[in-house]
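# Topology and contacts: notes
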Amino acid sequence: MITYSVEGVKMPKIKRRETTAWIRAVAASYGKKVGEIGYLFCNDEKILEVNNEYLGHDYYTDIITFDYCEGDTLNGDLVISLDTIRTNAEKFGKDYDEELHRVIIHGILHLCGINDKGPGEREIMEAAENKALKQLTVDS
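Worth saying up front: this structure is predicted, and the values here are computed from it rather than measured.

### Some points on the layout of surface pockets
In this structure, the largest pocket occupies an estimated 750 Å³ of space. Around the largest pocket, the lining is made up of 28 residues, and of these Asp62, Ile63, His106, Asp116 and Lys117 lie nearest the centre. Where the lining of the largest pocket is concerned, the elements lending two or more residues are α2 (44-55), β3 (63-67), α3 (82-92), α4 (96-111) and α5 (121-139). A class-by-class count of the residues in the lining of the largest pocket yields eight nonpolar, ten polar and ten charged.

See the structure below:
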(Lines give C-alpha, C1' and ligand atoms only; values in the text may rest on other atoms or scores of the structure.)
Protein backbone atom coordinates (compact mmCIF):
# COMPACT_ATOMS: atom_id res chain seq x y z
CA MET A 1 0.00 0.00 0.00
CA ILE A 2 1.20 3.50 -0.82
CA THR A 3 -0.01 6.35 1.37
CA TYR A 4 0.31 10.09 0.89
CA SER A 5 0.13 12.54 3.78
CA VAL A 6 1.14 16.12 4.55
CA GLU A 7 2.56 18.13 7.41
CA GLY A 8 2.66 21.93 7.25
CA VAL A 9 1.80 22.06 3.52
CA LYS A 10 -1.16 21.45 1.22
CA MET A 11 -1.32 18.10 -0.56
CA PRO A 12 0.41 18.51 -3.94
CA LYS A 13 -1.80 18.15 -7.00
CA ILE A 14 -0.78 14.64 -7.95
CA LYS A 15 -3.07 12.04 -9.41
CA ARG A 16 -2.75 9.48 -6.64
CA ARG A 17 -4.12 6.49 -8.53
CA GLU A 18 -1.90 7.15 -11.58
CA THR A 19 1.12 7.94 -9.40
CA THR A 20 0.66 4.74 -7.40
CA ALA A 21 0.34 2.65 -10.58
CA TRP A 22 3.48 4.35 -11.96
CA ILE A 23 5.46 3.65 -8.78
CA ARG A 24 4.38 -0.02 -8.90
CA ALA A 25 5.39 -0.27 -12.58
CA VAL A 26 8.82 1.25 -11.95
CA ALA A 27 9.39 -1.06 -8.96
CA ALA A 28 8.35 -4.06 -11.09
CA SER A 29 10.86 -3.05 -13.77
CA TYR A 30 13.53 -3.66 -11.09
CA GLY A 31 12.01 -6.99 -10.06
CA LYS A 32 10.50 -5.48 -6.90
CA LYS A 33 6.99 -5.33 -5.50
CA VAL A 34 5.54 -2.56 -3.39
CA GLY A 35 4.83 -3.32 0.25
CA GLU A 36 4.25 -0.40 2.63
CA ILE A 37 5.39 2.94 1.23
CA GLY A 38 4.53 6.16 3.05
CA TYR A 39 5.05 9.58 1.49
CA LEU A 40 5.07 12.62 3.77
CA PHE A 41 5.03 15.95 1.96
CA CYS A 42 6.27 18.76 4.18
CA ASN A 43 8.02 22.14 4.26
CA ASP A 44 11.72 22.96 4.61
CA GLU A 45 11.42 23.44 8.36
CA LYS A 46 10.13 19.87 8.85
CA ILE A 47 12.66 18.21 6.54
CA LEU A 48 15.51 20.06 8.28
CA GLU A 49 14.19 18.74 11.61
CA VAL A 50 14.01 15.15 10.25
CA ASN A 51 17.45 15.44 8.62
CA ASN A 52 18.93 16.69 11.87
CA GLU A 53 17.18 14.22 14.19
CA TYR A 54 17.60 11.01 12.20
CA LEU A 55 20.70 11.59 10.08
CA GLY A 56 22.63 14.23 12.03
CA HIS A 57 22.67 16.53 8.96
CA ASP A 58 22.09 20.27 9.38
CA TYR A 59 20.91 21.16 5.88
CA TYR A 60 17.82 21.23 3.71
CA THR A 61 17.19 18.53 1.15
CA ASP A 62 14.41 17.57 -1.23
CA ILE A 63 13.91 13.98 0.01
CA ILE A 64 14.91 11.67 2.81
CA THR A 65 14.33 7.96 2.25
CA PHE A 66 13.98 5.55 5.16
CA ASP A 67 14.52 2.03 3.84
CA TYR A 68 12.67 -0.85 5.52
CA CYS A 69 12.80 -3.21 2.53
CA GLU A 70 12.62 -6.96 2.99
CA GLY A 71 13.89 -9.07 0.10
CA ASP A 72 12.16 -7.98 -3.09
CA THR A 73 9.43 -6.06 -1.26
CA LEU A 74 9.84 -2.32 -1.05
CA ASN A 75 8.95 -0.80 2.32
CA GLY A 76 9.89 2.69 3.36
CA ASP A 77 9.02 6.18 4.44
CA LEU A 78 9.81 9.03 2.10
CA VAL A 79 9.84 12.58 3.43
CA ILE A 80 9.68 15.23 0.69
CA SER A 81 10.07 19.00 1.09
CA LEU A 82 7.79 20.81 -1.34
CA ASP A 83 9.68 24.05 -0.58
CA THR A 84 12.98 22.56 -1.79
CA ILE A 85 11.25 21.02 -4.83
CA ARG A 86 9.97 24.49 -5.79
CA THR A 87 13.41 26.06 -5.21
CA ASN A 88 15.15 23.35 -7.26
CA ALA A 89 12.61 23.58 -10.10
CA GLU A 90 13.29 27.33 -10.35
CA LYS A 91 17.07 26.89 -9.97
CA PHE A 92 17.29 24.24 -12.70
CA GLY A 93 14.61 25.75 -14.98
CA LYS A 94 12.35 22.70 -14.60
CA ASP A 95 8.58 22.41 -14.40
CA TYR A 96 7.45 22.05 -10.75
CA ASP A 97 5.32 18.95 -11.46
CA GLU A 98 8.19 17.25 -13.29
CA GLU A 99 10.56 18.00 -10.42
CA LEU A 100 7.99 16.70 -7.92
CA HIS A 101 7.60 13.43 -9.84
CA ARG A 102 11.39 13.14 -10.23
CA VAL A 103 11.76 13.30 -6.45
CA ILE A 104 8.81 10.97 -5.82
CA ILE A 105 10.48 8.30 -7.97
CA HIS A 106 13.99 9.12 -6.71
CA GLY A 107 13.08 7.65 -3.33
CA ILE A 108 11.65 4.52 -4.94
CA LEU A 109 14.84 4.09 -6.98
CA HIS A 110 16.85 4.27 -3.75
CA LEU A 111 14.64 1.52 -2.33
CA CYS A 112 15.34 -0.49 -5.51
CA GLY A 113 19.06 -0.27 -4.71
CA ILE A 114 20.22 2.65 -6.84
CA ASN A 115 22.58 5.02 -5.04
CA ASP A 116 23.73 8.52 -5.95
CA LYS A 117 26.61 9.42 -3.63
CA GLY A 118 29.58 7.48 -5.03
CA PRO A 119 31.64 8.03 -8.20
CA GLY A 120 29.45 7.72 -11.30
CA GLU A 121 26.35 6.91 -9.27
CA ARG A 122 24.67 10.31 -9.76
CA GLU A 123 24.62 9.74 -13.54
CA ILE A 124 23.13 6.26 -13.10
CA MET A 125 20.43 7.70 -10.81
CA GLU A 126 19.63 10.52 -13.25
CA ALA A 127 19.31 8.04 -16.13
CA ALA A 128 16.97 5.87 -14.01
CA GLU A 129 14.91 8.94 -13.07
CA ASN A 130 14.63 10.02 -16.71
CA LYS A 131 13.60 6.53 -17.80
CA ALA A 132 10.94 6.40 -15.06
CA LEU A 133 9.64 9.88 -15.93
CA LYS A 134 9.18 8.73 -19.54
CA GLN A 135 7.10 5.80 -18.23
CA LEU A 136 4.85 8.26 -16.38
CA THR A 137 4.37 10.34 -19.53
CA VAL A 138 3.56 7.25 -21.60
CA ASP A 139 1.33 5.60 -18.99
CA SER A 140 -0.74 8.62 -18.00
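### Things to note about α3
Looking at α3, one finds that the buried residues are Leu82, Thr84, Ile85, Asn88 and Ala89. Axial view of α3: buried residues confined to an arc of 155 degrees, hence all on one face. When the buried face of α3 is taken as reference, the exposed residues oriented beyond 90 degrees from it are Glu90 and Lys91. Those residues of α3 hidden inside the fold are in contact with β2 (33-42), α2, β4 (73-81) and α4. One side-chain oxygen at the N-terminal end of α3 lies 3.4 Å from the backbone nitrogen of Asp83; it belongs to Ser81.

### Brief notes about the packing of helix α1 (residues 16-29) against α4
In contact at an axis separation of 10 Å, α1 and α4 are set at 40 degrees when each is read in the N-to-C sense. By the angle between their directions, the pair α1 and α4 is classed as oblique. When you trace α1 past α4, the crossing you get is right-handed. Side by side, α1 and α4 meet where Thr19, Trp22, Ile23 and Val26 of the first sit next to His101, Ile104, Ile105, Ile108 and Leu109 of the second. The class makeup of the residues in the contact of α1 with α4 is seven nonpolar, two polar and no charged.

Here is what the cut-offs are and how they apply
- Residues numbered from 1 in each chain as written.
- Predicted model: local features only at pLDDT ≥ 70, side-chain atom pairs only at ≥ 80, totals over all residues.
- Heavy atoms only, no water.
- 1 Å grid on protein atoms, 1.4 Å probe; cavity = no way out; pocket = protein on both sides within 12 Å on 5 of 7 lines; lining within 4 Å.
- Points joined across faces, edges and corners; volume = space filled by probe spheres on them.
- Helix = DSSP H or I, 4+ residues; strand = E, 2+ residues; numbered from the N terminus.
- Nonpolar A, V, L, I, M, F, W, Y, C, P; charged D, E, K, R; others polar.
- Buried < 20%, exposed > 50% of the residue type's maximum accessible area, 1.4 Å probe, protein only.
- Arc of directions from axis to C-beta.
- Contact = heavy atoms within 4.5 Å.
- Polar contact = N/O pair within 3.5 Å; in protein donor to acceptor, adjacent residues only side chain to side chain.
- Axes fitted to C-alpha atoms, helices over the stretch in contact; angles between N-to-C directions.
- Parallel < 35°, antiparallel > 145°, perpendicular 65-115°, else oblique.
- Left-handed = near helix turned anticlockwise from the far one by under 90°.

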